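Structural overview for review
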Amino acid sequence: MTNSEMMDKVADLQKALRIDCEKCCGLCCVALYCMKTDGFPENKAAGVPCRHLRSDFRCDIHDRLAEQKMKGCLGYDCFGAGQKVTQKMGEDGNWKTNPQKAKELFQTFTVVFQLHQMAWYLLEALALSSDHKLQTAIESLIVENEQMTAATPEEILSLDLGAYREKVNLVLKQISHQVAVMPANKKMTKNFLGKNLSGKNFDGSDFSMALMIAANLEGASLRGSNFLGADLRDANIKNTDLSKSLFLTQMQINAASGNTETKLPKNLVRPLHW
Ligand code: SF4
Ligand code: SF4
């Protein structure tokens, strides 16, 4: 593949990873199980439509989600898996018009979600990589990802996701190591639940998979900090510069509490409910 073909592929993928709820049959509001304690309107099982999902697949209380403190709904981002899987159904309709296919559709959605999430990280890894061999490995994983998500639901459900995830994790580890501002501190805790870290210097810190629920990061310095998989629900990131932080996702940002002074990486958008 030429450089320009790869650049086109990357641009297409960046677009495909953005949610487009207009083109989706409300998959997240049906396929996933929800808990009231996580900021959803009710406890519901996977496969059961939320009581607020309208017949046109729009949310009945969309304009009131912030007012009603529906943090789970406000925070969710499917990395574009919803519209991708909805379009796969084509003439087969959707989960409502074709209930026989609903289970397959929901399962496909959860697999494509995971693939798109990995694609999100791979795109960032590609942008960060300066090593030719690693770049080639990342590009080939991106191509593989695209082929997998383009497959039929039946093929998608028979994929060996674990084997692919292992390959992705390996390159992400290599990239994290390459771009680390400081050597990884193995003794650094991963539990920052409710901790006050305000104004401190965490440049280059490894927060990957850290528990940071309700941590106060206001005004902290986070240049080059790695947030891969960190739980940032209700974390205070007001007046915080995250523009040079690594491996953040829209879902993490949506779930955190920021303000107009919070600086985000270029690939993320400021949530409307901040
Ligand atoms: S699954 Fe994704 S695209 Fe579909 S409604 Fe939910 S967030 Fe929107
Ligand atoms: S309240 Fe709206 S956004 Fe939340 S799960 Fe229900 S339909 Fe979806």
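Conventions used here
- Residues numbered from 1 in each chain as written.
- Chains lettered and ligands numbered in written order.
- Predicted model: local features only at pLDDT ≥ 70, side-chain atom pairs only at ≥ 80, totals over all residues.
- Heavy atoms only, no water.
- Helix = DSSP H or I, 4+ residues; strand = E, 2+ residues; numbered from the N terminus.
- Expected span 1.5 Å × (residues − 1).
- Buried < 20%, exposed > 50% of the residue type's maximum accessible area, 1.4 Å probe, protein only.
- Arc of directions from axis to C-beta.
- Contact = heavy atoms within 4.5 Å.
- Core = buried A, V, L, I, M, F, W, Y, C linked by side-chain atoms within 4.5 Å.
- Domains from an automatic or database assignment.
- Phe/Tyr/Trp six-rings, centres within 6.5 Å; stacked < 30°, edge-to-face > 60°.
- Buried area = accessible area lost by both parts, 1.4 Å probe.
- Salt bridge = Lys/Arg side-chain N within 4 Å of Asp/Glu carboxyl O.
- Polar contact = N/O pair within 3.5 Å; in protein donor to acceptor, adjacent residues only side chain to side chain.

1. Brief notes about helix α1 (residues 3-16)
Every α-helical turn comprises 3.6 residues, leaving residues that sit three or four positions apart pointing alike. Look at α1: 20 Å from first C-alpha to last across 14 residues, which is about the 20 Å you get at 1.5 Å a residue. Of the positions making up α1, those classed as buried are M6, K9, V10 and L13. The arc that holds the buried residues of α1, viewed along the axis, is 100°, so those residues lie on one side. Of the exposed residues in α1, the ones pointing more than 90 degrees away from its buried face are M7, D12 and K15. The elements touched by buried residues of α1 are α5 (99-128) and α6 (132-149).

2. Considering unusual backbone geometry
Here the phi dihedral of N239 falls at roughly 55°; this positive angle occurs in a residue that is not glycine. Assignment of secondary structure puts N239 in the loop between α8 (161-179) and α9 (250-255). Of note, F247 is a non-glycine position whose phi angle comes to about 55°, a positive value. Turning to its location among the elements, F247 is positioned in the loop between α8 and α9. What makes F247 buried here is its relative accessible area of 0%.

3. Concerning the environment of L141
Checked against the element boundaries, L141 lands in helix α6. Taking C-alpha positions, L141 is 10.0 Å from R165, a pair spaced 24 residues apart along the chain.

4. Things to note about the nonpolar core
If you look at the biggest cluster of nonpolar residues, it comprises 71 residues, and the most contacted ones within it are L27, W95, I138, M212 and F227. The set of elements that each furnish at least two residues to this core consists of α1, α2 (28-31), α4 (81-89), α5, α6 and α8. Among the elements that make up this core, the one with the highest residue count is α5 (16 residues). When residues of this core are sorted by domain, at least three fall in each of domain 1 (3-27 + 78-179) and domain 2 (181-274). Beyond its immediate chain neighbours, meaning those up to four positions away, F227 contacts F207, S208, M212, L222, L232, L242, S245, L246, F247, L248 and Q252.

5. Notes on the packing of aromatic side chains
Going through the model one piece at a time under the given rule, you end up with nine aromatic pairs. The interplanar angle of 20° and the centroid separation of 6.1 Å between the aromatic rings of Y76 and F113 together place this pair among those described as stacked. Here Y76, found in the loop between α3 (71-75) and α4, pairs with F113, found in helix α5; they are 37 residues apart in sequence, far enough to count as distant. Taking the relative accessible area as the measure of exposure, Y76 reaches 19% and is therefore buried. Measuring from ring centre to ring centre gives 5.3 Å for F192 and F207, while their planes differ by 80°; the resulting arrangement is edge-to-face. Here the residue F192 occupies a position in the loop between α8 and α9, and F207 occupies one in the loop between α8 and α9, the gap between them amounting to 15 residues. Each member of the pair, F192 together with F207, is buried. An aromatic cluster of three or more residues is present, and its members are Y76, F79, F113 and W120.

6. With respect to the domain arrangement of the protein
Splitting the protein by domain gives domain 1 (3-27 + 78-179) and domain 2 (181-274). For domain 1 versus domain 2, the distance between C-alpha centres works out to 25 Å. Each partner contributes residues to the interface: domain 1 has twelve residues there, and domain 2 has 13 residues. Contact between domain 1 and domain 2 buries roughly 1,100 Å² in total, counting both sides, with carbon and sulfur atoms accounting for 63%. Together, W120, Y121 and E124 form the three largest contributors to the area buried by domain 1 at its contact with domain 2, with a combined 46%. Here domain 1 is connected to domain 2 by zero salt bridges. Scanning the region where domain 1 abuts domain 2 turns up four residue pairs in polar contact (both at pLDDT 80 or more).

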